[in-house]
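Reading the structure
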Amino acid sequence: MYKIIITLLITSILFSGCATILNGKYQRVRIQTDKGATILVNGEEPKIKNGKVHVSRSKTPHQLTVTKEGYQDENRVLIGYKRHPLYYLSWAFVFYILPPALDNGDKAFNFDKSYSVTKMKRELYEKGSELKDVRLNKVSVDLDKSVQNQKLFIKYRNYLKGVESNYYDKYYEKEDIDVENTVFSDILNVTLHDKGFINKENKALNNSYLNNAYLNANLVAMETEHVKSHYGSNVDFITVKFKIEWEILDYYKKTIYKRTISTKSDQFVVGKVVDSPSETGSFKAINTTIEKSLVQFMNLKEVKEHLKVTTDIKEESFASLSIPSAPKYVSNMNQAVDASVTIKNENGHGSGFIISENGYIITNYHVISDSGKDYEVVLNDGRSFKHEIIRVDRVNDLALIKIEAKDLVPFKVSNTKEHAIAQEVYVIGTPTADDLNSTVSKGIISGIRENKSGQTLLQTDASINGGNSGGVICTKQGMVLGVVSSKLSGLGIEGVAFGIPSHLIHEKLHLDFVEVDN
(Lines give C-alpha, C1' and ligand atoms only; values in the text may rest on other atoms or scores of the structure.)
Protein backbone atom coordinates (compact mmCIF):
# COMPACT_ATOMS: atom_id res chain seq x y z
CA MET A 1 0.00 0.00 0.00
CA TYR A 2 2.85 2.40 0.88
CA LYS A 3 4.54 1.80 -2.49
CA ILE A 4 1.28 2.50 -4.30
CA ILE A 5 0.85 5.87 -2.52
CA ILE A 6 4.46 6.91 -3.31
CA THR A 7 4.00 5.92 -6.95
CA LEU A 8 0.81 7.97 -7.21
CA LEU A 9 2.48 11.05 -5.65
CA ILE A 10 5.45 10.88 -8.06
CA THR A 11 3.11 10.39 -10.97
CA SER A 12 1.02 13.43 -9.97
CA ILE A 13 4.12 15.64 -9.70
CA LEU A 14 5.38 14.51 -13.11
CA PHE A 15 2.07 14.91 -14.88
CA SER A 16 0.55 17.92 -13.12
CA GLY A 17 2.57 20.14 -15.48
CA CYS A 18 1.96 18.33 -18.77
CA ALA A 19 1.36 21.52 -20.80
CA THR A 20 4.13 23.46 -19.07
CA ILE A 21 6.67 20.67 -19.63
CA LEU A 22 5.62 19.13 -22.96
CA ASN A 23 4.22 22.09 -24.94
CA GLY A 24 6.55 23.72 -27.51
CA LYS A 25 8.37 26.98 -26.78
CA TYR A 26 6.91 28.64 -29.90
CA GLN A 27 3.49 28.74 -31.45
CA ARG A 28 3.00 29.34 -35.14
CA VAL A 29 0.40 32.07 -35.59
CA ARG A 30 -1.07 33.30 -38.86
CA ILE A 31 -1.19 37.11 -39.01
CA GLN A 32 -3.12 38.45 -41.99
CA THR A 33 -1.96 41.92 -43.15
CA ASP A 34 -2.26 44.23 -46.12
CA LYS A 35 0.15 43.66 -48.98
CA GLY A 36 3.54 45.28 -48.38
CA ALA A 37 3.15 45.49 -44.60
CA THR A 38 5.87 44.52 -42.12
CA ILE A 39 5.19 42.52 -38.94
CA LEU A 40 7.04 43.30 -35.71
CA VAL A 41 6.73 41.42 -32.42
CA ASN A 42 8.06 43.36 -29.43
CA GLY A 43 9.76 45.72 -31.88
CA GLU A 44 11.65 43.02 -33.81
CA GLU A 45 10.95 41.12 -37.01
CA PRO A 46 9.97 37.55 -36.05
CA LYS A 47 10.71 34.30 -37.84
CA ILE A 48 8.05 33.63 -40.46
CA LYS A 49 7.70 30.24 -42.13
CA ASN A 50 4.97 29.11 -44.51
CA GLY A 51 3.10 32.33 -43.83
CA LYS A 52 3.01 31.78 -40.07
CA VAL A 53 4.79 33.84 -37.42
CA HIS A 54 6.76 32.04 -34.72
CA VAL A 55 5.70 33.59 -31.41
CA SER A 56 7.24 32.47 -28.13
CA ARG A 57 4.67 31.20 -25.70
CA SER A 58 4.52 33.39 -22.62
CA LYS A 59 2.14 34.49 -19.89
CA THR A 60 3.45 38.00 -20.58
CA PRO A 61 1.62 39.69 -23.49
CA HIS A 62 3.55 40.44 -26.72
CA GLN A 63 3.29 43.72 -28.63
CA LEU A 64 2.34 43.15 -32.26
CA THR A 65 2.99 46.10 -34.59
CA VAL A 66 2.15 46.15 -38.29
CA THR A 67 3.81 48.91 -40.33
CA LYS A 68 3.46 50.02 -43.93
CA GLU A 69 4.93 53.04 -45.64
CA GLY A 70 2.38 55.82 -45.98
CA TYR A 71 0.01 54.25 -43.45
CA GLN A 72 -0.57 54.56 -39.73
CA ASP A 73 0.93 51.76 -37.64
CA GLU A 74 -1.53 49.20 -36.29
CA ASN A 75 -0.87 47.74 -32.83
CA ARG A 76 -2.37 44.65 -31.22
CA VAL A 77 -1.52 42.62 -28.15
CA LEU A 78 -0.92 38.87 -28.39
CA ILE A 79 -2.03 37.11 -25.21
CA GLY A 80 -1.74 33.42 -24.48
CA TYR A 81 -5.01 32.74 -22.75
CA LYS A 82 -6.21 29.40 -24.20
CA ARG A 83 -5.39 26.22 -22.29
CA HIS A 84 -3.38 23.72 -24.29
CA PRO A 85 -4.97 20.21 -24.58
CA LEU A 86 -2.01 18.80 -22.62
CA TYR A 87 -3.28 20.71 -19.60
CA TYR A 88 -6.34 18.47 -19.43
CA LEU A 89 -4.17 15.34 -19.60
CA SER A 90 -2.99 16.12 -16.07
CA TRP A 91 -6.51 15.58 -14.79
CA ALA A 92 -6.33 11.90 -15.62
CA PHE A 93 -3.48 11.36 -13.17
CA VAL A 94 -3.84 13.67 -10.20
CA PHE A 95 -6.26 15.02 -7.68
CA TYR A 96 -8.92 17.59 -8.54
CA ILE A 97 -7.21 20.75 -7.15
CA LEU A 98 -3.54 20.13 -7.97
CA PRO A 99 -3.34 20.40 -11.77
CA PRO A 100 -4.69 23.93 -12.31
CA ALA A 101 -2.48 25.21 -9.50
CA LEU A 102 0.74 23.76 -10.95
CA ASP A 103 0.25 23.61 -14.71
CA ASN A 104 0.47 27.37 -15.08
CA GLY A 105 3.84 28.07 -16.73
CA ASP A 106 4.63 30.15 -19.82
CA LYS A 107 4.06 27.24 -22.18
CA ALA A 108 0.76 26.23 -20.65
CA PHE A 109 -1.23 28.71 -22.76
CA ASN A 110 -1.83 29.19 -26.48
CA PHE A 111 -2.49 32.35 -28.49
CA ASP A 112 -5.33 32.57 -30.97
CA LYS A 113 -4.42 30.68 -34.13
CA SER A 114 -4.80 33.76 -36.35
CA TYR A 115 -5.06 37.55 -36.20
CA SER A 116 -6.25 39.96 -38.88
CA VAL A 117 -4.67 43.39 -39.23
CA THR A 118 -5.95 44.71 -42.55
CA LYS A 119 -7.47 47.82 -44.10
CA MET A 120 -4.80 50.02 -42.60
CA LYS A 121 -5.54 53.75 -42.63
CA ARG A 122 -3.34 56.26 -44.39
CA GLU A 123 -1.21 58.65 -42.36
CA LEU A 124 -1.69 62.42 -42.62
CA TYR A 125 -1.13 63.59 -46.18
CA GLU A 126 1.69 65.95 -47.17
CA LYS A 127 0.49 69.53 -47.41
CA GLY A 128 0.57 70.90 -50.92
CA SER A 129 0.94 74.51 -52.04
CA GLU A 130 -2.83 74.71 -52.49
CA LEU A 131 -3.37 74.48 -48.71
CA LYS A 132 -2.69 77.04 -46.00
CA ASP A 133 -0.03 76.70 -43.35
CA VAL A 134 -1.58 75.60 -40.04
CA ARG A 135 -0.37 76.60 -36.60
CA LEU A 136 -1.58 75.43 -33.22
CA ASN A 137 -3.41 78.19 -31.40
CA LYS A 138 -4.73 76.53 -28.26
CA VAL A 139 -4.50 72.97 -27.00
CA SER A 140 -6.28 72.17 -23.76
CA VAL A 141 -7.69 69.40 -21.60
CA ASP A 142 -11.09 70.10 -20.09
CA LEU A 143 -12.37 66.89 -18.51
CA ASP A 144 -15.30 66.99 -16.14
CA LYS A 145 -15.34 63.86 -13.98
CA SER A 146 -18.66 62.93 -15.56
CA VAL A 147 -16.92 62.37 -18.93
CA GLN A 148 -14.09 60.23 -17.58
CA ASN A 149 -14.58 56.49 -17.78
CA GLN A 150 -12.04 53.92 -16.55
CA LYS A 151 -12.65 50.25 -17.20
CA LEU A 152 -10.75 47.35 -15.65
CA PHE A 153 -10.84 43.75 -16.81
CA ILE A 154 -9.08 41.37 -14.42
CA LYS A 155 -8.63 38.69 -17.09
CA TYR A 156 -8.37 38.76 -20.86
CA ARG A 157 -11.27 36.33 -21.09
CA ASN A 158 -13.39 38.83 -19.17
CA TYR A 159 -12.38 41.52 -21.67
CA LEU A 160 -13.53 39.35 -24.56
CA LYS A 161 -16.86 38.77 -22.80
CA GLY A 162 -17.22 42.42 -21.72
CA VAL A 163 -17.23 41.51 -18.03
CA GLU A 164 -15.88 44.61 -16.27
CA SER A 165 -14.51 44.91 -12.72
CA ASN A 166 -15.81 47.71 -10.45
CA TYR A 167 -12.38 48.21 -8.85
CA TYR A 168 -11.80 51.76 -10.19
CA ASP A 169 -15.27 52.98 -9.25
CA LYS A 170 -14.93 51.45 -5.78
CA TYR A 171 -11.46 52.68 -4.82
CA TYR A 172 -10.75 55.79 -6.93
CA GLU A 173 -12.64 59.07 -6.83
CA LYS A 174 -12.57 60.94 -10.16
CA GLU A 175 -11.63 64.62 -10.30
CA ASP A 176 -12.23 67.33 -12.88
CA ILE A 177 -9.19 67.93 -15.11
CA ASP A 178 -8.64 71.38 -16.62
CA VAL A 179 -5.08 71.96 -17.84
CA GLU A 180 -3.02 73.35 -20.68
CA ASN A 181 -1.31 70.19 -21.90
CA THR A 182 2.17 70.62 -23.38
CA VAL A 183 2.54 66.92 -24.23
CA PHE A 184 -0.66 67.15 -26.25
CA SER A 185 0.76 70.19 -28.10
CA ASP A 186 4.11 68.52 -28.76
CA ILE A 187 2.45 65.49 -30.37
CA LEU A 188 0.36 67.65 -32.70
CA ASN A 189 3.26 69.97 -33.57
CA VAL A 190 5.48 67.06 -34.58
CA THR A 191 2.81 65.58 -36.87
CA LEU A 192 1.90 68.91 -38.48
CA HIS A 193 5.55 69.85 -38.95
CA ASP A 194 6.49 66.50 -40.49
CA LYS A 195 3.74 66.87 -43.08
CA GLY A 196 4.56 70.47 -43.95
CA PHE A 197 1.57 72.22 -42.36
CA ILE A 198 3.86 74.17 -40.06
CA ASN A 199 6.07 76.31 -42.24
CA LYS A 200 9.46 74.63 -42.66
CA GLU A 201 10.94 77.54 -44.58
CA ASN A 202 12.98 79.98 -42.56
CA LYS A 203 11.15 83.01 -43.92
CA ALA A 204 9.72 85.86 -41.90
CA LEU A 205 7.15 87.01 -44.45
CA ASN A 206 5.11 83.86 -45.05
CA ASN A 207 2.23 84.79 -42.77
CA SER A 208 -0.92 86.41 -44.13
CA TYR A 209 -4.70 86.21 -44.08
CA LEU A 210 -4.65 84.37 -47.41
CA ASN A 211 -2.06 81.75 -46.47
CA ASN A 212 -2.48 80.92 -42.78
CA ALA A 213 -4.95 79.23 -40.47
CA TYR A 214 -4.93 78.14 -36.84
CA LEU A 215 -5.98 74.98 -35.05
CA ASN A 216 -7.59 74.52 -31.64
CA ALA A 217 -7.87 71.15 -29.92
CA ASN A 218 -9.74 70.52 -26.68
CA LEU A 219 -9.94 67.08 -25.07
CA VAL A 220 -13.46 66.84 -23.64
CA ALA A 221 -13.97 63.14 -22.86
CA MET A 222 -11.72 60.18 -22.09
CA GLU A 223 -12.15 56.46 -21.64
CA THR A 224 -9.44 53.94 -20.74
CA GLU A 225 -9.58 50.15 -20.78
CA HIS A 226 -7.00 48.40 -18.61
CA VAL A 227 -6.87 44.68 -19.33
CA LYS A 228 -4.94 42.11 -17.31
CA SER A 229 -3.79 39.08 -19.25
CA HIS A 230 -4.39 36.82 -16.22
CA TYR A 231 -5.69 37.41 -12.75
CA GLY A 232 -2.92 39.03 -10.69
CA SER A 233 -0.75 39.82 -13.74
CA ASN A 234 1.57 42.86 -13.55
CA VAL A 235 2.07 43.18 -17.31
CA ASP A 236 -1.18 44.09 -19.01
CA PHE A 237 -2.42 46.18 -21.92
CA ILE A 238 -4.30 49.42 -22.31
CA THR A 239 -6.54 51.19 -24.83
CA VAL A 240 -7.50 54.86 -24.76
CA LYS A 241 -10.51 56.58 -26.29
CA PHE A 242 -10.56 60.37 -26.67
CA LYS A 243 -13.28 62.78 -27.70
CA ILE A 244 -11.60 65.91 -29.03
CA GLU A 245 -13.20 69.18 -30.14
CA TRP A 246 -11.29 70.49 -33.17
CA GLU A 247 -11.55 74.01 -34.55
CA ILE A 248 -10.13 75.65 -37.66
CA LEU A 249 -9.61 79.40 -37.18
CA ASP A 250 -8.69 82.01 -39.76
CA TYR A 251 -5.62 84.24 -39.59
CA TYR A 252 -7.42 86.49 -37.09
CA LYS A 253 -8.34 83.51 -34.93
CA LYS A 254 -12.04 83.56 -35.70
CA THR A 255 -13.63 80.11 -35.80
CA ILE A 256 -14.58 79.04 -39.33
CA TYR A 257 -15.21 75.31 -38.77
CA LYS A 258 -15.74 73.09 -35.73
CA ARG A 259 -16.12 69.32 -35.33
CA THR A 260 -15.89 66.80 -32.48
CA ILE A 261 -14.04 63.56 -33.25
CA SER A 262 -14.11 60.35 -31.19
CA THR A 263 -11.12 58.05 -31.67
CA LYS A 264 -9.92 54.88 -29.98
CA SER A 265 -6.28 53.84 -29.75
CA ASP A 266 -4.77 50.49 -30.61
CA GLN A 267 -3.81 48.03 -27.88
CA PHE A 268 -0.51 48.67 -26.10
CA VAL A 269 1.37 46.57 -23.54
CA VAL A 270 1.90 48.30 -20.19
CA GLY A 271 3.92 47.26 -17.16
CA LYS A 272 7.18 46.36 -18.88
CA VAL A 273 10.36 48.19 -17.85
CA VAL A 274 11.34 50.78 -20.50
CA ASP A 275 14.16 53.28 -20.90
CA SER A 276 12.08 56.47 -21.16
CA PRO A 277 8.50 57.68 -20.49
CA SER A 278 7.88 58.04 -24.24
CA GLU A 279 8.34 54.26 -24.61
CA THR A 280 5.62 53.32 -22.14
CA GLY A 281 2.45 51.76 -23.45
CA SER A 282 0.33 54.49 -21.87
CA PHE A 283 2.23 57.26 -23.68
CA LYS A 284 2.06 55.39 -26.98
CA ALA A 285 -1.69 54.88 -26.57
CA ILE A 286 -2.22 58.60 -25.92
CA ASN A 287 0.11 59.55 -28.75
CA THR A 288 -1.58 57.37 -31.38
CA THR A 289 -5.08 58.39 -30.28
CA ILE A 290 -4.26 62.08 -30.70
CA GLU A 291 -2.61 61.45 -34.06
CA LYS A 292 -5.51 59.34 -35.31
CA SER A 293 -7.99 62.02 -34.25
CA LEU A 294 -5.98 64.73 -36.00
CA VAL A 295 -5.75 62.70 -39.22
CA GLN A 296 -9.47 61.94 -39.12
CA PHE A 297 -10.26 65.65 -38.69
CA MET A 298 -7.81 66.88 -41.35
CA ASN A 299 -9.18 64.33 -43.84
CA LEU A 300 -12.68 65.78 -43.65
CA LYS A 301 -13.81 67.33 -46.91
CA GLU A 302 -15.02 70.43 -45.11
CA VAL A 303 -11.64 70.97 -43.43
CA LYS A 304 -9.76 70.67 -46.71
CA GLU A 305 -12.10 73.23 -48.26
CA HIS A 306 -11.49 75.71 -45.43
CA LEU A 307 -7.73 75.21 -45.70
CA LYS A 308 -7.51 76.00 -49.39
CA VAL A 309 -5.36 79.03 -50.20
CA THR A 310 -7.63 81.75 -51.56
CA THR A 311 -6.06 83.07 -54.74
CA ASP A 312 -9.06 84.82 -56.25
CA ILE A 313 -10.43 86.55 -53.16
CA LYS A 314 -12.73 89.43 -53.91
CA GLU A 315 -11.83 92.35 -51.72
CA GLU A 316 -14.57 94.43 -50.18
CA SER A 317 -16.01 96.89 -52.66
CA PHE A 318 -16.63 100.17 -50.88
CA ALA A 319 -18.08 103.39 -52.15
CA SER A 320 -15.76 106.34 -51.71
CA LEU A 321 -16.01 107.83 -48.22
CA SER A 322 -15.16 111.49 -47.79
CA ILE A 323 -13.07 112.32 -44.77
CA PRO A 324 -13.66 115.99 -43.97
CA SER A 325 -10.60 118.18 -43.87
CA ALA A 326 -9.60 119.58 -40.50
CA PRO A 327 -8.62 123.17 -39.69
CA LYS A 328 -5.55 121.83 -37.93
CA TYR A 329 -3.42 118.67 -38.31
CA VAL A 330 -0.73 116.99 -36.23
CA SER A 331 2.60 118.74 -36.84
CA ASN A 332 4.79 117.61 -33.93
CA MET A 333 5.29 114.72 -31.51
CA ASN A 334 3.20 116.22 -28.72
CA GLN A 335 0.22 116.47 -31.01
CA ALA A 336 0.96 113.01 -32.43
CA VAL A 337 0.74 111.54 -28.95
CA ASP A 338 -2.63 113.25 -28.38
CA ALA A 339 -3.93 111.86 -31.68
CA SER A 340 -3.11 108.27 -30.72
CA VAL A 341 -5.64 106.02 -28.96
CA THR A 342 -5.85 102.76 -27.03
CA ILE A 343 -8.54 100.26 -28.07
CA LYS A 344 -9.27 97.67 -25.39
CA ASN A 345 -11.66 95.04 -24.15
CA GLU A 346 -11.62 92.55 -21.29
CA ASN A 347 -9.12 90.29 -23.06
CA GLY A 348 -6.49 92.80 -24.11
CA HIS A 349 -5.81 95.94 -26.08
CA GLY A 350 -4.38 97.43 -29.24
CA SER A 351 -3.65 100.86 -30.63
CA GLY A 352 -5.03 103.25 -33.24
CA PHE A 353 -4.79 106.83 -34.47
CA ILE A 354 -7.21 109.64 -35.34
CA ILE A 355 -7.54 110.75 -39.00
CA SER A 356 -10.42 113.26 -38.79
CA GLU A 357 -11.58 115.97 -36.41
CA ASN A 358 -14.97 114.23 -36.08
CA GLY A 359 -13.67 110.90 -34.79
CA TYR A 360 -12.59 108.59 -37.63
CA ILE A 361 -9.83 106.25 -36.44
CA ILE A 362 -7.53 103.78 -38.24
CA THR A 363 -6.41 100.54 -36.60
CA ASN A 364 -5.75 96.88 -37.50
CA TYR A 365 -8.70 94.64 -38.26
CA HIS A 366 -7.41 92.06 -35.79
CA VAL A 367 -7.57 94.64 -32.97
CA ILE A 368 -11.38 94.98 -33.29
CA SER A 369 -12.23 91.61 -34.89
CA ASP A 370 -13.94 89.97 -31.90
CA SER A 371 -17.55 90.97 -32.48
CA GLY A 372 -18.64 89.31 -29.24
CA LYS A 373 -16.66 91.72 -27.05
CA ASP A 374 -17.34 95.30 -25.94
CA TYR A 375 -14.52 97.63 -26.96
CA GLU A 376 -13.52 100.91 -25.40
CA VAL A 377 -11.57 103.61 -27.26
CA VAL A 378 -9.50 105.67 -24.84
CA LEU A 379 -7.95 108.99 -25.89
CA ASN A 380 -4.67 110.26 -24.47
CA ASP A 381 -6.57 112.77 -22.28
CA GLY A 382 -8.43 109.88 -20.61
CA ARG A 383 -11.79 110.27 -22.31
CA SER A 384 -13.45 106.99 -23.23
CA PHE A 385 -15.82 106.21 -26.12
CA LYS A 386 -17.74 103.34 -27.67
CA HIS A 387 -16.95 102.84 -31.33
CA GLU A 388 -18.72 101.96 -34.56
CA ILE A 389 -17.01 99.80 -37.18
CA ILE A 390 -17.32 101.62 -40.50
CA ARG A 391 -15.43 99.30 -42.86
CA VAL A 392 -12.71 96.66 -42.70
CA ASP A 393 -10.15 95.07 -45.03
CA ARG A 394 -9.33 91.58 -43.71
CA VAL A 395 -6.76 90.85 -46.41
CA ASN A 396 -4.60 93.83 -45.46
CA ASP A 397 -5.56 93.90 -41.76
CA LEU A 398 -7.03 97.40 -41.82
CA ALA A 399 -10.10 98.83 -40.12
CA LEU A 400 -11.83 102.19 -40.04
CA ILE A 401 -13.85 102.90 -36.90
CA LYS A 402 -15.59 106.00 -35.56
CA ILE A 403 -16.25 107.55 -32.17
CA GLU A 404 -18.68 110.35 -31.39
CA ALA A 405 -16.21 113.15 -30.77
CA LYS A 406 -15.37 116.47 -32.40
CA ASP A 407 -12.72 119.17 -32.56
CA LEU A 408 -9.95 116.55 -32.60
CA VAL A 409 -6.53 117.23 -34.13
CA PRO A 410 -5.99 114.37 -36.62
CA PHE A 411 -3.01 112.94 -38.49
CA LYS A 412 -2.46 113.52 -42.20
CA VAL A 413 -2.19 110.23 -44.09
CA SER A 414 0.41 110.06 -46.84
CA ASN A 415 -0.62 108.51 -50.16
CA THR A 416 2.90 107.96 -51.45
CA LYS A 417 4.20 104.55 -52.51
CA GLU A 418 7.82 105.64 -52.34
CA HIS A 419 9.68 105.32 -49.04
CA ALA A 420 13.34 106.02 -48.42
CA ILE A 421 15.40 103.29 -46.79
CA ALA A 422 16.88 104.54 -43.48
CA GLN A 423 14.27 107.31 -43.24
CA GLU A 424 13.69 108.25 -39.60
CA VAL A 425 10.28 107.20 -38.27
CA TYR A 426 8.37 107.23 -34.99
CA VAL A 427 5.95 104.63 -33.64
CA ILE A 428 3.22 105.60 -31.15
CA GLY A 429 1.00 103.12 -29.34
CA THR A 430 0.25 101.26 -26.14
CA PRO A 431 2.79 98.46 -25.74
CA THR A 432 2.33 95.56 -23.31
CA ALA A 433 -0.05 97.24 -20.81
CA ASP A 434 -2.78 99.86 -21.18
CA ASP A 435 -1.16 102.17 -18.62
CA LEU A 436 1.71 102.64 -21.09
CA ASN A 437 -0.58 104.46 -23.51
CA SER A 438 0.93 106.79 -26.12
CA THR A 439 4.46 105.43 -25.81
CA VAL A 440 6.79 106.84 -28.47
CA SER A 441 9.69 104.85 -29.98
CA LYS A 442 12.12 105.89 -32.68
CA GLY A 443 13.68 103.96 -35.53
CA ILE A 444 14.19 103.88 -39.27
CA ILE A 445 12.61 102.24 -42.29
CA SER A 446 14.84 99.17 -42.47
CA GLY A 447 13.43 97.78 -45.70
CA ILE A 448 10.51 97.49 -48.10
CA ARG A 449 9.35 93.86 -48.11
CA GLU A 450 6.82 91.71 -49.91
CA ASN A 451 5.10 88.80 -48.18
CA LYS A 452 4.02 85.44 -49.61
CA SER A 453 0.70 86.94 -50.76
CA GLY A 454 2.40 89.74 -52.67
CA GLN A 455 1.53 92.46 -50.16
CA THR A 456 4.04 95.25 -49.49
CA LEU A 457 5.19 95.84 -45.91
CA LEU A 458 7.40 98.45 -44.28
CA GLN A 459 10.13 96.97 -42.10
CA THR A 460 11.29 99.03 -39.14
CA ASP A 461 13.64 98.63 -36.20
CA ALA A 462 11.55 100.90 -33.94
CA SER A 463 10.66 99.24 -30.63
CA ILE A 464 7.31 97.47 -31.01
CA ASN A 465 5.63 95.14 -28.51
CA GLY A 466 2.30 93.44 -27.97
CA GLY A 467 -0.39 96.15 -27.86
CA ASN A 468 1.28 98.35 -30.50
CA SER A 469 -0.80 96.74 -33.25
CA GLY A 470 -2.84 99.35 -35.12
CA GLY A 471 -0.63 102.20 -33.95
CA VAL A 472 0.82 104.85 -36.19
CA ILE A 473 4.18 104.90 -37.98
CA CYS A 474 4.90 108.54 -38.78
CA THR A 475 7.52 111.18 -39.44
CA LYS A 476 8.67 113.61 -36.76
CA GLN A 477 6.25 116.15 -38.26
CA GLY A 478 3.33 113.75 -37.81
CA MET A 479 2.85 112.53 -41.38
CA VAL A 480 1.43 108.97 -41.37
CA LEU A 481 3.60 106.53 -43.33
CA GLY A 482 2.12 103.27 -42.10
CA VAL A 483 0.15 101.22 -39.57
CA VAL A 484 1.92 98.87 -37.13
CA SER A 485 0.92 95.29 -37.95
CA SER A 486 3.36 92.74 -36.51
CA LYS A 487 6.84 91.97 -35.21
CA LEU A 488 9.13 89.00 -35.11
CA SER A 489 9.75 87.56 -31.68
CA GLY A 490 11.96 84.84 -30.31
CA LEU A 491 15.33 84.15 -28.78
CA GLY A 492 17.91 86.53 -30.23
CA ILE A 493 15.38 88.48 -32.36
CA GLU A 494 15.21 92.24 -31.76
CA GLY A 495 14.22 95.20 -33.88
CA VAL A 496 12.32 93.45 -36.67
CA ALA A 497 8.79 94.80 -37.04
CA PHE A 498 6.43 95.48 -39.91
CA GLY A 499 3.83 98.02 -40.89
CA ILE A 500 1.15 98.41 -43.57
CA PRO A 501 2.03 101.27 -45.97
CA SER A 502 -0.29 104.26 -45.58
CA HIS A 503 -1.27 104.40 -49.27
CA LEU A 504 -3.31 101.21 -48.66
CA ILE A 505 -5.52 103.15 -46.25
CA HIS A 506 -6.53 105.29 -49.23
CA GLU A 507 -6.79 102.43 -51.71
CA LYS A 508 -8.30 99.53 -49.73
CA LEU A 509 -10.68 101.48 -47.49
CA HIS A 510 -11.56 103.88 -50.33
CA LEU A 511 -11.15 107.04 -48.28
CA ASP A 512 -11.27 110.40 -50.02
CA PHE A 513 -8.75 112.65 -48.30
CA VAL A 514 -7.44 115.97 -49.43
CA GLU A 515 -4.38 114.94 -51.44
CA VAL A 516 -1.31 114.91 -49.24
CA ASP A 517 2.27 114.49 -50.47
CA ASN A 518 4.99 112.93 -48.29
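The shown structure was predicted, so the numbers you read here are calculated from the model rather than taken from an experiment.

**Remarks on the nonpolar core**
Formed by 37 residues in total, the largest nonpolar core has its most connected members in F297 and M298. Secondary structure elements with two or more residues in this core: β10 (133-143), α7 (182-194), β13 (212-228), β14 (236-249), β15 (255-264), β16 (268-270) and α8 (281-298). With residues near it in sequence (within four places) discarded, M298 still touches L124, Y125, L192, F197, V303, K304 and L307.

**Some words on the sheet that holds strand β5 (residues 62-67)**
Judged by pairing direction, the sheet is antiparallel, and its three strands sit side by side in the order β2-β5-β6 without closing on themselves. Whereas interior strands pair on both sides, the edge strands pair on one side only; in this sheet they are β2 (38-41) and β6 (74-78). In this sheet, adjacent strand axes meet at a mean angle of 20 degrees when their direction is disregarded. Alignment of β5 against β6, held across five bridges, turns out to be antiparallel.

**Section: the packing of aromatic side chains**
Aromatic rings considered in pairs are described by the distance between their centres and by the relative angle of their planes. Using the criterion set out here, one finds 12 aromatic pairs in the structure. Judged by centre distance (5.3 Å) and plane angle (80 degrees), the rings of F153 and Y159 are edge-to-face. When the ring centre of Y71 is taken as reference, the NZ or CZ atom of K68 above it lies at 4.7 Å. The positively charged end of K402 is found above the aromatic ring belonging to Y360, 5.5 Å away from the centroid.

**Observations concerning the pairing of strand β27 (residues 439-450)**
One face of the sheet, then the other: side chains in a regular strand alternate in exactly this way. In this structure, strand β26 (residues 424-429) lies alongside β27, joined through six bridges in antiparallel fashion. From the neighbouring strand, E424 faces β27, where its bridge partner is I444. Sheet topology note: the β27/strand β28 (residues 456-460) ladder contains five bridges and is antiparallel. Bridging across to β28, R449 finds its partner in L457. Between β27 and β28, which pair antiparallel and follow one another directly, the connecting turn spans five residues, one of which, G454, has a positive phi of 85 degrees.

**Structural notes on the environment of S322**
Locating S322 in the fold gives a position in strand β17 (residues 321-322). Sequence-wise, S322 and L511 are 189 residues apart; in three dimensions their C-alpha atoms are separated by 6.0 Å.

**Here's the deal with the side chain of D397**
Mapped onto the fold, D397 is located in the loop between β23 (388-393) and β24 (398-402). The side chain of D397 sits in the buried core without any salt bridge; R394 is the nearest counter-charge, 9.3 Å away. The residues contacting D397, other than those within four sequence positions of it, are Y252, T363, N364, Y365, H366 and I500.

Conventions adopted
- Residues numbered from 1 in each chain as written.
- Predicted model: local features only at pLDDT ≥ 70, side-chain atom pairs only at ≥ 80, totals over all residues.
- Heavy atoms only, no water.
- Core = buried A, V, L, I, M, F, W, Y, C linked by side-chain atoms within 4.5 Å.
- Buried < 20%, exposed > 50% of the residue type's maximum accessible area, 1.4 Å probe, protein only.
- Helix = DSSP H or I, 4+ residues; strand = E, 2+ residues; numbered from the N terminus.
- Contact = heavy atoms within 4.5 Å.
- Pairing = 2+ DSSP bridges.
- Axes fitted to C-alpha atoms, helices over the stretch in contact; angles between N-to-C directions.
- Phe/Tyr/Trp six-rings, centres within 6.5 Å; stacked < 30°, edge-to-face > 60°.
- Lys NZ or Arg CZ within 6 Å of the ring centre and 35° of its normal.
- Lys, Arg positive; Asp, Glu negative; His and termini not counted.
- Salt bridge = Lys/Arg side-chain N within 4 Å of Asp/Glu carboxyl O.

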